[in-house]
Structure formats: C-alpha cells, structure tokens
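For reference, the chains in residue letters:
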Amino acid sequence: MQKTLSYETPGRGTLDITADINRELAAAALTSGLCHVFIRHTSASLMICENADPCVRADVERWLQQAVHDGDPMFEHDMEGDDDMSGHIRSIFTGMDLTVPITAGQLNLGVWQGIYLYEHRYRGRRREIVITTVAAG
Amino acid sequence: MQKTLSYETPGRGTLDITADINRELAAAALTSGLCHVFIRHTSASLMICENADPCVRADVERWLQQAVHDGDPMFEHDMEGDDDMSGHIRSIFTGMDLTVPITAGQLNLGVWQGIYLYEHRYRGRRREIVITTVAAG
Amino acid sequence: MQKTLSYETPGRGTLDITADINRELAAAALTSGLCHVFIRHTSASLMICENADPCVRADVERWLQQAVHDGDPMFEHDMEGDDDMSGHIRSIFTGMDLTVPITAGQLNLGVWQGIYLYEHRYRGRRREIVITTVAAG
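Residues numbered from 1 in each chain as written. Chains lettered and ligands numbered in written order. Predicted model: local features only at pLDDT ≥ 70, side-chain atom pairs only at ≥ 80, totals over all residues. Heavy atoms only, no water.

*Asks:* Tell me about the environment of S43(A), residues and numbers included.
*Replies:* Residue and element names in this part refer to chain A. On the secondary structure map, S43 appears in the loop between β3 (33-39) and β4 (44-50). If near-sequence neighbours (up to four positions away) are discounted, S43 is found in contact with G87, H88, S91, E119, H120, R121 and R127. Of the polar contacts made by the side chain of S43, one reaches the side chain of R127; its length is 3.3 Å. (Helix = DSSP H or I, 4+ residues; strand = E, 2+ residues; numbered from the N terminus. Contact = heavy atoms within 4.5 Å. Polar contact = N/O pair within 3.5 Å; in protein donor to acceptor, adjacent residues only side chain to side chain.)

*Asks:* Lay out the nonpolar core in plain terms, naming residues and giving numbers.
*Replies:* The biggest cluster of nonpolar side chains holds 114 residues, and the ones touching the most others in it are I129(A), I129(B) and I129(C). When residues no more than four places from it in sequence are discounted, the contact partners of I129(B) are K3(B), T4(B), L5(B), Y7(B), I17(B), V37(B), F38(B), I39(B), L46(B) and L117(B). Counting residues in each nonpolar core, the second largest holds 6 residues, with L34(A), V134(B), L34(C) and V134(C) among its members. (Core = buried A, V, L, I, M, F, W, Y, C linked by side-chain atoms within 4.5 Å. Buried < 20%, exposed > 50% of the residue type's maximum accessible area, 1.4 Å probe, protein only.)

*Asks:* Kindly report on the interface of chain C and chain A, identifying the contributing residues and their values.
*Replies:* Across the boundary between the two partners, chain C contributes 32 residues, which contact 28 residues of chain A. Buried surface at the junction of chain C and chain A, summed over both partners, amounts to about 2500 Å²; 64% is from carbon and sulfur atoms. For the pair chain C and chain A, the number of links is 1 salt bridge. Two residues, R62(C) and E76(A), come together in a salt bridge whose shortest N-O distance is 2.7 Å. Viewed at the interface, chain A and chain C are joined by 14 residue pairs in polar contact (both at pLDDT 80 or more). The element best represented in the side of chain C that touches chain A is helix α2 (residues 54-67) of chain C, accounting for 7 residues. When the residues that make up the side of chain C that touches chain A are grouped by side-chain class, the tally is 18 nonpolar, 10 polar and 4 charged. (Buried area = accessible area lost by both parts, 1.4 Å probe. Salt bridge = Lys/Arg side-chain N within 4 Å of Asp/Glu carboxyl O. Nonpolar A, V, L, I, M, F, W, Y, C, P; charged D, E, K, R; others polar.)

*Asks:* Requested: an account of the relation of the copies chain C and chain A, with residues and values cited.
*Replies:* Superposition record for chain C on chain A: RMSD 0.0 Å, screw rotation 120 degrees, translation along axis 0.0 Å. One copy is carried onto the other by what is essentially a three-fold rotation axis. Judged by C-alpha distance, F93(C) is the residue of chain C that lies nearest the rotation axis, at 3.7 Å. A share of only 9% of the interface residues of chain C reappears at the interface of chain A, consistent with the copies meeting through non-equivalent patches. (Least-squares fit on C-alpha atoms with pLDDT ≥ 70 in both.)

*Asks:* Report on the sheet that holds strand β6 (residues 106-107) of chain B, specifying residues and quantitative values.
*Replies:* All names here are of chain B. The sheet built from 5 strands is open, its strands ordered β1-β8-β3-β5-β6 with antiparallel pairing. Across the chains shown, the open sheet's two edge strands, defined by having one partner strand only, are β1 (2-8) and β6. Pairing of strand β3 (residues 33-39) with strand β5 (residues 97-103) involves 6 bridges; the strand directions are antiparallel. Bridge pairing links L34 to P101 in β5. (Pairing = 2+ DSSP bridges.)

*Asks:* Any details on the relation of the copies chain A and chain B? Residues and values, ideally.
*Replies:* When chain A is brought onto chain B, the operation consists of a screw motion whose angular component is 120 degrees and whose axial shift is 0.0 Å, with 0.0 Å RMSD remaining. Here only 9% of the contact residues of chain A are again contact residues in chain B; the copies associate through non-equivalent surfaces.

*Asks:* Can you break down the interface of chain A and chain B residue by residue, with the values?
*Replies:* Residue-level contacts link 32 residues of chain A with 28 residues of chain B. When chain A packs against chain B, close to 2500 Å² is buried across both sides, 63% of that on carbon and sulfur atoms. Seen at the junction of chain A and chain B, the total is 1 salt bridge. Elements with a minimum of two residues in the side of chain A that touches chain B: β3, β4, α2 (54-67), α3 (82-94), β5 (97-103) and β8 (126-135) of chain A. The dominant element in the side of chain A that touches chain B, judged by the number of residues it contributes, is α2(A), at 7 residues. Considered class by class, the residues forming the side of chain A that touches chain B number 18 nonpolar, 10 polar and 4 charged.

*Asks:* Please provide a residue-by-residue account of empty space enclosed by the protein, values included.
*Replies:* Under the criterion given, the structure shown has 3 cavities of 30 Å³ or more. Lining of the largest cavity is provided by 35 residues; of these, T94(A), G95(A), D97(A), G95(C) and D97(C) occupy positions nearest its centre. Classifying every residue of the lining of the largest cavity gives 21 nonpolar, 11 polar and 3 charged. Size it by volume and the second largest cavity reaches roughly 40 Å³. Along its surface, the second largest cavity is lined by L34(A), T99(A), L34(B), H36(B), T99(B), L34(C) and T99(C). Class assignment for the residues of the lining of the second largest cavity results in 3 nonpolar, 4 polar and no charged. (1 Å grid on protein atoms, 1.4 Å probe; cavity = no way out; pocket = protein on both sides within 12 Å on 5 of 7 lines; lining within 4 Å. Points joined across faces, edges and corners; volume = space filled by probe spheres on them.)

Written as structure tokens, this is what we have:
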C-alpha cells in the first residue's frame, strides 16, 4: 500500500496525524509489518511526541526557538524571511521520515506516543506526506 | 518476524542492545533485508553510536545536558520532575526508531557502530522495544 | 536489492548522492516500495536537505559549528583531534539511516529535497553506504 495525504497547515505548530494513518492502515488490512511516513518538504517535518499534555509540544517549540534562532544574522539563506533557514534546521532536527511497526493491523505506538506533522514556517502551507506499508518477513 | 523485548533500565544512560538484536536475527533466518527497531516511549530513545570508547557516550551525555537543561524554567511541563521535559526533547533529538540493513543474516553495522537504548529519566523504568524484519525485494 | 557504494569524501562538507541512489533504483526495477540508505560510520551521516541553494548547507554547517563546538574542553574523547567527538554528535543529530518511498521506480522526494552524505571530519575518508529496497505490500 502507498498513499499520499495532503494537509493545509494553519502555520507554525504541530498537527496530530496518528488517526489519519491508522485509518489508512485499516483499509490496507496488513496484519504485521512496517508503516513508513515521509514528508516531501524541507521546512516541515514529522515527529513522534508525547500525546497527552499539549504543553509538551509547546515546550518543544520554545526549546527549538532558543536552539535555532529565527532570522539569525549568521544565516546567508534568508530570501523567504526569518523562518526560512531556521525551518530547514528544525526539519533536520526532528526528521522528515519515520517508520513505526504494524501489529494486529494498527500502528504499534506506545500509549503516550503520537505522530505529528510539524509546520516550521510562520504561514501555513500545503504539505504532502506519503504513507507506505511493507509486510514483515 | 516481529518481536517485543523488555528492559529494566538502571536510570539515565545507555544500554548496548546490539547483541540482543543479532540474537533475534539469528532465529529469524532472513538473509537479506531490513531490521527495524522501535521504542514505545517518549523519554527513552534509540541511538547508533561509537562502540569502542565509553567516553564517547559520556561526552554525548555531557553535551545533551548543556543543550537541553534539566528543569529549564521555561518548560511548563514539569509535573514529573526536572528530567521530564528534557527527556522528551532528548528522545526527539536521538530518535525513537531506526532501521539497519540485514546482510548475510546479521545487522550490517560498521565496525565502530553499536545500537543503544538511551534512558533519559533519572530513575530506571521498564522499556519496550519492537523488532521487525522485512525481506529485501 | 541490496548494494554497497563507496565514496572518498574531500573533507568536512556535504555530497549530493541522490542521483547515485536513483541510478541503483533504475537497475532494481521495483515499482513501489521503500528505499533505505545506511551509512556504516559514526562521524559521517545522511541528511535530507534543500537542494537548490548551496547556502542552505553552508548555513546548516555554520549552525552545527555553534551548536557542537569542535574541541570543546568538556569532551574526554579527543584522541583523534578536535573534530572527533563533535563528529559523533553531529552524526547523531543528522542521522545515520534514512528511508524514502519508491514510487514509479524512483525516489519519491519533494522537488526541493536532496539526499546528502555529510562528512564531519576535517580530512576526507572512505565512506560506505548500503542501499536496500523492499517492495510495498
């Protein structure tokens, strides 16, 4: 199974896409294997994060703003604004691909784990992810 | 093949799990493919790291403590203590899933590479990893 | 399909290996699935990054030099020089494995995404990557 999903992000921040992926898995009917998720961009990323307290994602955002300064004067690549180059580094930090085991036809996540699409640009954009499943063997 | 392994971590620090994974691969008898390892938690992670000099892991730990301050006052999520929010960010940094090629039935790691379970909480906990193999094709 | 490629890196910096991987995929003739790339080292890594403006990779390098100081006096592991321990941390940051969907026989990257081998040591070295494909299912 391979499927592309599109999202219109509302701007910088995280979007929980766990249920969307599980919905695709239900249609795929693969008992045991791997689910790969890929984002086709370099200033938005994918992140596994604690899913119970929204403050965790707010704290990740606060930490990222301190670790990678928007509009850092040392950056040469700034044509698209202060969130351009920082968006690239934040995407490398969190990652653009992830793989989760499929067990009994569903994502085998821990009870506190969610999968988030992380938009790093200030303004929202159309973002595409590609979901691919492979059977265990 | 898909298998869950449990570990009781002794507290913050790294545990070499390379041999455990190779033992499961020996039982699986898959010549060529991929071995995926996933940790079902958000304050413990998986890391490929130099395996010869224990100082390397000690230096990674030192660097992480400077990069992500335990008990940073800017963190809102602090109910479980100073190592709670920093544990989440450290886990995102090192990653919760990794995939290694299987060649001739074993992990095709470089000679200096080991796979480590990284506990980020001060106190030890029970941690589960899921190993899944898929055949090349 | 599983294939090992070797590179002689010219020293610290990035090498675009996207076309090399697509060339191997053309030979493999797999329509839909996953392409896994793995680097068998701990001071060189793999990175998906913006591929249009070389300043982006120069800015990533600048940021890494500020985030992980070469020759940081707190590092104990320094036998091979100032770029030894920082190389290990930079490799963990960017990652040693990545997986990209295969669609219509080619890497299904976004239009601005390239795959880079990132050498973190000052002096060039021989580096090996392992490419493995698996079929969707």
